[in-house]
Amino acid sequence: MPLTDQEIHDKLVYICQQFRIPGELILYRPIPTGHINTSYYTALYDGKEVRQYLVQMVNWYVFRNPVSMMRNIDLITQHIMSKARTLERRRRLHFHHTAEGNNYLILGEGENREFWRLYNYVENSVSFETAEGREDVLRVSGKAFGKFLRQLQDFDADQLVESIPHFHDTRYRLENFFQVVREDALGRAKSAEREIALIRDNRAFGCSLCEQIDRGELPIRVTHNDTKTNNVLFDRDTMDPLVIIDLDTCMPGLACYDFGDTVRFAACTAAEDEPDPARMKLDLRLFKAYAEGYISEVKDVLTPAEFESLATGAAVITLELGLRFLSDYLIGDKYFRIDYPTHNLVRARAQLALFEDMMRHMDDMQHIIHALHEIE
Ligand code: GN1
Ligand code: MG
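Residues numbered from 1 in each chain as written. Chains lettered and ligands numbered in written order. Predicted model: local features only at pLDDT ≥ 70, side-chain atom pairs only at ≥ 80, totals over all residues. Heavy atoms only, no water.

What follows is about the pairing of strand 9 (residues 241-244). With three bridges connecting them, strand 8 (residues 232-235) and strand 9 associate as antiparallel partners. Residue Val232 lies in a different strand from strand 9, and its bridge partner there is Ile244. (Pairing = 2+ DSSP bridges. Helix = DSSP H or I, 4+ residues; strand = E, 2+ residues; numbered from the N terminus.)

Laid out in structure tokens, this is it:
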């Protein structure tokens, strides 16, 4: 049963009190972006000032060990801050603590327990759900995620707990997918025969980066793992990238998946859940803008093999998300939040159409990367 407005209001008031935020809740609204966690914008007034926060319930089904995840986020934030030239408040995520000193709050018990956190809302900032065809959004996002990788170069990855084991282990994801197809618990596989065949035909390609890891050809770094453009906050006036958000899946991973996930999300011609797959294409102009920004920051960081893997990373991560959406559709939509019954199937079709278009343009992507790399 969804909560009533009054219940949400009362719950947010209670949570703000537990995080020792002074003042009265004067405004709140749900933030609909994100497929996993539940987020609210809140504003409190203490008689002098209005302060704004994000209050978020972490999805406990997805993040099995949220306390460790919060510790990861703290460590990463501290590391990045130690390198920052400015301590401007808008350039960091600041999680508030409860009286017990925790940067989270657990409500309820057993099946009904909930995991909440509260952090500063970055003022006068803007983020982009799609790049709206804007090269500047992609170029600046590329710089921001490239810089993030660079800043975490000397971070000791052993300190991190994997918040989702096998998160971008595409080979594992593929095994799991075909298991789900074999079980076909809800009899839905027949509505996705073409998509299942496409994934089967590209299984070897999907495993290629994992094999390169096995052979020691690609280094494991600390990566963000969810590099959508809506995870960069820009200054509303100057378009300066202020801070990278959603550090929930920061874990050891491949640079090319971080590079590729922004390409998947924003260097394309339609939204992630475009209902008409024919409208979903790679946009090479936007790809180039992103690659320019990214490479300008990581030119001295990535190995030659990593440069070679960037375009492949875009295609593999798109295939991976396509099969993750389809898997979730086949098991009954347990993981990604959906707005209508076939939403995950529609998302999968859009991602697979984009994957096919990326494969058609693999050489073009490679040429652009080579040309940029040489200039740098
Ligand atoms: C999920 O909830 P959000 O939007 O931060 C997902 C990503 C997907 C993305 C697709 C923990 O991220 O892996 O790429 O949806 N996050 C998790 O939009 O599974
Ligand atoms: Mg995320």
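Here Ser39 shows up in strand 2 (residues 38-45). A distance of 3.0 Å separates a polar atom in the side chain of Ser39 from a polar atom in the side chain of Gln56. Excluding residues within four positions of it along the chain, Ser39 makes contact with Arg29, Pro30, Ile31, Val55 and Gln56. (Polar contact = N/O pair within 3.5 Å; in protein donor to acceptor, adjacent residues only side chain to side chain. Contact = heavy atoms within 4.5 Å.)

The next subject is the sheet that holds strand 8. Backbone-to-backbone hydrogen bonds join strands into a sheet, with any given pair of strands oriented parallel or antiparallel. With antiparallel pairing, three strands are arranged side by side in an open sheet as 6-8-9. The sheet is open, and its two edges are formed by strand 6 (125-126) and strand 9, each paired on a single side. Here strand 6 pairs with strand 8 via two bridges, running antiparallel. Paired with Ser125 across the two strands is Asp235, which belongs to strand 8. The strands that helix 3 (residues 135-151) touches are strand 8 and strand 9; relative to strand 8, the one it contacts most, it runs at about 120°. (Axes fitted to C-alpha atoms, helices over the stretch in contact; angles between N-to-C directions.)

What follows is about the packing of helix 3 against helix 8 (residues 284-298). Look at helix 3 against helix 8: their axes get within 7 Å of each other, and the N-to-C directions meet at 30°. By the angle class used here, helix 3 and helix 8 are roughly parallel. The element helix 3 and its partner helix 8 pack so that their crossing is right-handed. Along the contact surface, helix 3 presents Glu135, Leu138, Arg139, Ser141, Gly142, Lys143, Phe145, Gly146, Lys147, Leu149 and Arg150, while helix 8 presents Arg285, Leu286, Ala289, Tyr290, Glu292, Gly293, Tyr294, Ser296, Glu297 and Val298. Residues belonging to the contact of helix 3 with helix 8 are distributed by class as follows: eight nonpolar, five polar and eight charged. (Parallel < 35°, antiparallel > 145°, perpendicular 65-115°, else oblique. Left-handed = near helix turned anticlockwise from the far one by under 90°. Nonpolar A, V, L, I, M, F, W, Y, C, P; charged D, E, K, R; others polar.)

In short, shape yes, function no, at least from these values alone.
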